[in-house]
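Here is what each chain is made of, one letter per residue.
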Amino acid sequence: MESFTYSYPVKVYFGEKAAEKNLPAELAKVGENVLLAYGGGSIKKNGVYDELVGILNAAGKKITEFTGIMSNPTYAKVQEGAKLARDNKIDFIIAVGGGSVIDCCKIVSAQAKMEKDLWDFEYAEHGTPTEFIPMGAVVTAFGTGAEMNNGAVITNEEKKSKSPLRGAFYDFAILDPVYTMTMPMKQVISGAFDSLSHSMETYMGSPRDVNLSDEINEATQRNIIRNIRMTLKNPEDIQARSELIWAAAMAENGILKIGKATDFQCHMLEHQLGAFTDCNHGQGLAVLHPVLYRHMLPEAVKQFARLAVEVWDIDPTGKSEEELADAFIDALAAFIKEIGLPTTFAEMNIPEDTNFKAIADTTILTGGCAKKFSREELLEVLLECR
Ligand code: NZQ
Ligand code: ZN
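The structure displayed is predicted, hence computed values, not measured ones.

Caption draft 1: Here's a closer look at the site of ligand 1. Taken together, 31 residues lie around ligand 1, and Gly40, Ser42, Ser71, Ser100 and Asp103 are the ones closest in. In isolation ligand 1 offers 960 Å² of accessible surface; the protein chains occlude 86% of this area. Sorting the residues of the shell around ligand 1 by element identifies α5 (99-111), β6 (151-156), α7 (185-203) and α10 (265-277) as the ones contributing at least two each. Looking at the shell around ligand 1 element by element, the count peaks at four residues for α5. Broken down by class, the residue content of the shell around ligand 1 amounts to seven nonpolar, 20 polar and four charged. Of the domains in this structure, domain 1 (11-179) and domain 2 (185-384) are the two that each give at least three residues to the shell around ligand 1.

Below, the structure is given as structure tokens:
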């Protein structure tokens, strides 16, 4: 175990009718002017919008709407939200949606309190924002676990970069499985795969010896795999859905990261792929993971071999560590196919002539990865994904 400090600021209200039961008390603690932030309008079709507006009205709040937050939120959208928050003297932000809305608002919350350009402040001056508009999250699409952390992934279109920014933690997160039942199945699966990816990328960080966090992580991965299968069998299975929602939060609430560094090289590569193609995050990961892991194999044999046995139920009898590690990647690739995720960029309609070199050249190289990737090898990975 490496040294660590653990405390967690996000209060989670999980379960059916969690908003009705808990939002009034939370709203009583905050000021009058509320920014209600959401995406392209799914919440208007499934009743979540009407329910939340009813609760906000009953609490006597003055609502300003911040709408149209897109998947892979842009820095320009952040600036729009920050201006709206300043102009309307917003006291509290309610972010309603998936990772995109939830991430966008983390940065709105910081930028609204700061004159300086937040991107420059964080990347050029290496500053960390300390003043925020307080916020609550209402999760309608699960997978990213974005509601549990203060990192946001924002696409800066001018800089052609999709990169992490530090923002605010949510004061609370409402996780009502019923709210997620209208998610398109494609999004359910790509979201759940994102959670599996977070668990794997955390697992692959150093130190390479298994600690308690890794053993909880193995259980999380098994749980995600089982519940993806159950959800595909019966999309109405609210218990399986509930497990996936909590597994997504578990993968990002810091517990699996205790006492170790994380890897996240696959994520950094996918984020830049997103900056250049605006692709779906979970789908991008699904294509990249097996290919990247084949490149990592020689350096990561021990961890992959353990995942084969502990997560993928591969019988170790008579197999070498190398054979087990190989079998893990095969099992992961077969699972991706089984659950209907893409296995090539072509299936994602990413054009052949995408500037893959520029993607590799601008990807953040992570410190905790089992293998130190060169940009040349990341480019090989990308080209093999076509
Ligand atoms: O915009 P609306 O109309 O709401 O539609 C959304 C959107 O089209 C729809 N949706 C959400 N809830 C729904 C629903 N449709 C029907 N019924 C519902 N209940 O789902 C679509 C996708 O939403 P989005 O928020 O974009 O997806 P996701 O949750 O996968 O978030 C992706 C973003 O999160 C970032 C990704 O990079 C990407 O930008 N990530 C954030 C992380 C973090 N902060 O910890 C970690 C991740 O690794 C990830 O990078
Ligand atoms: Zn992710």
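Structure's up, so let's keep going.
Caption draft 2: Representation of the sheet that holds strand β4 (residues 92-97) within the structure. Spatially, β1-β8-β5-β4-β2-β3 is the arrangement adopted by the six strands of the open sheet, whose pairing is parallel. Two strands bound the open sheet, and with one partner strand each, they are β1 (11-14) and β3 (62-66). When strand polarity is set aside, the average angle formed by the axes of neighbouring strands in this sheet is 20°. Note: β4 against strand β5 (residues 135-139), five bridges, orientation parallel. Considered in β5, the bridge of Val96 is made with Val138. Lying over the sheet, helix α9 (residues 238-252) contacts β1 and β8 (172-175), oriented at roughly 175° with respect to β1.

Caption draft 3: Here's a closer look at the side chain of Glu252. Along the polypeptide, Glu252 turns up in helix α9. Ignoring anything within four residues of it in the chain, the contact list for Glu252 reads Tyr8, Thr144, Gly145, Met148, Asn149, His198, Lys257 and Phe264.

Caption draft 4: Layout of the packing of helix α4 (residues 75-87) against α5. Between α4 and α5, the least distance of the axes is 8 Å, while the angle of their chain directions is 50°. The angle between the axes of α4 and α5 places the two elements in the oblique class. You can see that α4 and α5 cross each other, and the crossing is right-handed. Note on element contacts: α5 touches α4 through Cys104, Ile107, Val108 and Gln111, opposite Tyr75, Lys77, Val78, Gln79, Gly81, Ala82, Ala85 and Arg86. A breakdown of the residues in the contact of α4 with α5 according to their chemical character gives seven nonpolar, three polar and two charged.

Caption draft 5: Quick look at a negative patch on the surface. Taken together, the side chains of Asp117, Asp120, Glu157, Glu158 and Asp278 present a region of like negative charge at the surface. Here Asp117 lies in the loop between α5 and α6 (118-123). Taking relative accessible area as the criterion, Asp117 reaches 32% and is therefore assigned partly exposed.

Caption draft 6: Representation of the UniProt feature "domain: Alcohol dehydrogenase iron-type/glycerol dehydrogenase GldA" (unreviewed entry) in the chain in the model. Here the UniProt feature "domain: Alcohol dehydrogenase iron-type/glycerol dehydrogenase GldA" (unreviewed entry) sits at residues 9-177. As annotated, residues 9-177 comprises 34% helix and 25% strand, and the C-alpha atoms at either end are separated by 22 Å.

Caption draft 7: Examining empty space enclosed by the protein more closely. One pass over the full model with this rule turns up one cavity of 30 Å³ or more. The computed volume of the largest cavity comes to approximately 30 Å³. Every residue lining the largest cavity is listed: Tyr203, Gly205, Pro207, Arg208, Asp209, Val210, Asp214, Lys260 and Gln303. Its residues assigned to classes, the lining of the largest cavity comprises three nonpolar, two polar and four charged.

Caption draft 8: Region of interest: the coordination of the zinc ion (ligand 2). Taken together, the protein donors to the zinc ion (ligand 2) comprise Asp194 (OD), His198 (NE2), His267 (NE2) and His281 (NE2), at separations of 1.9 to 2.2 Å. For the zinc ion (ligand 2), all donor residues lie on one chain, and their spacing in sequence is D-x3-H-x68-H-x13-H. Here His198 is found in helix α7, whereas its partner His267 is found in helix α10, with 69 residues between them in sequence.

Caption draft 9: A look at the UniProt feature "domain: Fe-containing alcohol dehydrogenase-like C-terminal" (unreviewed entry) in the chain. When the UniProt feature table is mapped to this numbering, "domain: Fe-containing alcohol dehydrogenase-like C-terminal" (unreviewed entry) covers residues 189-382. Its end C-alpha atoms 22 Å apart, residues 189-382 is made of 66% helix and 0% strand.

Reading the values: rules and limits
- Residues numbered from 1 in each chain as written.
- Chains lettered and ligands numbered in written order.
- Predicted model: local features only at pLDDT ≥ 70, side-chain atom pairs only at ≥ 80, totals over all residues.
- Heavy atoms only, no water.
- Near = heavy atom within 4 Å.
- Areas by Shrake-Rupley, 256 points an atom, 1.4 Å probe, with all protein chains shown as cover.
- Helix = DSSP H or I, 4+ residues; strand = E, 2+ residues; numbered from the N terminus.
- Nonpolar A, V, L, I, M, F, W, Y, C, P; charged D, E, K, R; others polar.
- Domains from an automatic or database assignment.
- Pairing = 2+ DSSP bridges.
- Axes fitted to C-alpha atoms, helices over the stretch in contact; angles between N-to-C directions.
- Contact = heavy atoms within 4.5 Å.
- Parallel < 35°, antiparallel > 145°, perpendicular 65-115°, else oblique.
- Left-handed = near helix turned anticlockwise from the far one by under 90°.
- Patch = residues over 30% accessible without salt bridge, like charges linked within 9 Å, V, L, I, M, F, W, Y side chains within 5 Å.
- Salt bridge = Lys/Arg side-chain N within 4 Å of Asp/Glu carboxyl O.
- Lys, Arg positive; Asp, Glu negative; His and termini not counted.
- Charge placed at Lys NZ, Arg CZ, Asp CG, Glu CD.
- Buried < 20%, exposed > 50% of the residue type's maximum accessible area, 1.4 Å probe, protein only.
- UniProt positions renumbered as here; feature names shortened; annotations may be inferred.
- 1 Å grid on protein atoms, 1.4 Å probe; cavity = no way out; pocket = protein on both sides within 12 Å on 5 of 7 lines; lining within 4 Å.
- Points joined across faces, edges and corners; volume = space filled by probe spheres on them.
- Donors = N, O, S within 2.8 Å, 3.2 Å for Na, K, Ca; no water.

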